[in-house]
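Observations on the model geometry
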Amino acid sequence: FNYYRLAYVYLQIGDAKSAEETYWRHLFTKETLFRPGTDEKEWVSQQLGRPAESVPEGCEIHKGIYHSFYPEDWGSRRFHEYSETHMNLGNLNYLSNDMKKAEGHYLKAIEYKPDNASAMKNLIIIYNGQKRQDDALRLWYRMREVAPNDPDVQKMFSRPPATG
């Protein structure tokens, strides 16, 4: 089951709500998968602040009932995936003009994957739009540390300082 593909299909048919729910369903696998009795639909609804409509009923693994003697360490092995999921949720929030939520998701994406240049760039766009130049500049310097070969980083640090 690929959450990204399903969310992409939802976006292609114009169903952003279901795409958002799908991304939250992916995060459910990290946050609560091995906690007995945790219900996926209820958890996703709590994250959304509204009822989740596209979460299917009846799957045991998504109700916290997992039949395994040795559960995998989903959290640490898949941080890059969860980073991408938060990046996508940030993009959805950005497109709906909710900059506070978008910023939170981009920050979480960076927390999970400290070299996530795309999340940093999107966060810089938000900071620039909010006239938070100091925050944007700090992030540019951080990007230069973790992604020195990124073309935007190279452009940013090769141009002469603005005058004016």
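Residues numbered from 1 in each chain as written. Predicted model: local features only at pLDDT ≥ 70, side-chain atom pairs only at ≥ 80, totals over all residues. Heavy atoms only, no water.

Time to look at the overall build of the protein chain. Across its full length, the protein chain holds nine helices and zero strands. Ordered by position from N to C terminus, the α and β elements of the protein chain give α-α-α-α-α-α-α-α-α. Here the protein chain holds 164 residues, and the buried ones make up 40% of them. Taking as baseline every contact in the protein chain between residues at least 6 positions apart, the subset at least 24 positions apart corresponds to 50%. (Helix = DSSP H or I, 4+ residues; strand = E, 2+ residues; numbered from the N terminus. Buried < 20%, exposed > 50% of the residue type's maximum accessible area, 1.4 Å probe, protein only. Contact = heavy atoms within 4.5 Å.)

Side chains of Y8, V9 and I13 sit close together on the surface and give an oily, nonpolar patch of about 330 Å² of accessible area. Within the fold, I13 resides in the loop between α1 (3-12) and α2 (16-31). With a relative accessible area of 62%, I13 lands in the exposed category. (Patch = residues over 30% accessible without salt bridge, like charges linked within 9 Å, V, L, I, M, F, W, Y side chains within 5 Å. Areas by Shrake-Rupley, 256 points an atom, 1.4 Å probe, with all protein chains shown as cover. Salt bridge = Lys/Arg side-chain N within 4 Å of Asp/Glu carboxyl O.)

With that settled, the discussion passes to helix α8 (residues 133-146). Taking 1.5 Å per residue as the helical rise, α8 with its 14 residues ought to reach 20 Å, and the 20 Å between its terminal C-alpha atoms agrees with that figure. Those residues of α8 lying buried are A136, L139, W140 and M143. Along α8, the residues classed as buried sweep out an arc of 105 degrees about the axis, all on the same side. Pointing more than 90 degrees away from the buried face of α8 are the exposed residues D134, R138 and E145. (Expected span 1.5 Å × (residues − 1). Arc of directions from axis to C-beta.)

This part takes up the packing of aromatic side chains. What describes a pair of aromatic rings is the distance from one ring centre to the other and the angle between the planes of the rings. Across all of its chains, the model carries five aromatic pairs by this definition. Considering the side-chain rings of Y4 and Y23, the 6.4 Å spacing of their centres and the 50 degrees angle between planes classify their relative orientation as tilted. A residue pair is termed long-range when its members are at least 10 positions apart, and Y4 in helix α1 and Y23 in helix α2 qualify at 19 residues. Looking at Y4, the relative accessible area reads 23%, which means it is partly exposed. What makes Y23 buried here is its relative accessible area of 6%. Through pairs of rings, three or more aromatic residues link up here, namely W24, F28 and W43. The ring of F157 is capped by R144, whose NZ or CZ atom sits 4.2 Å from the centre of that ring. (Phe/Tyr/Trp six-rings, centres within 6.5 Å; stacked < 30°, edge-to-face > 60°. Lys NZ or Arg CZ within 6 Å of the ring centre and 35° of its normal.)

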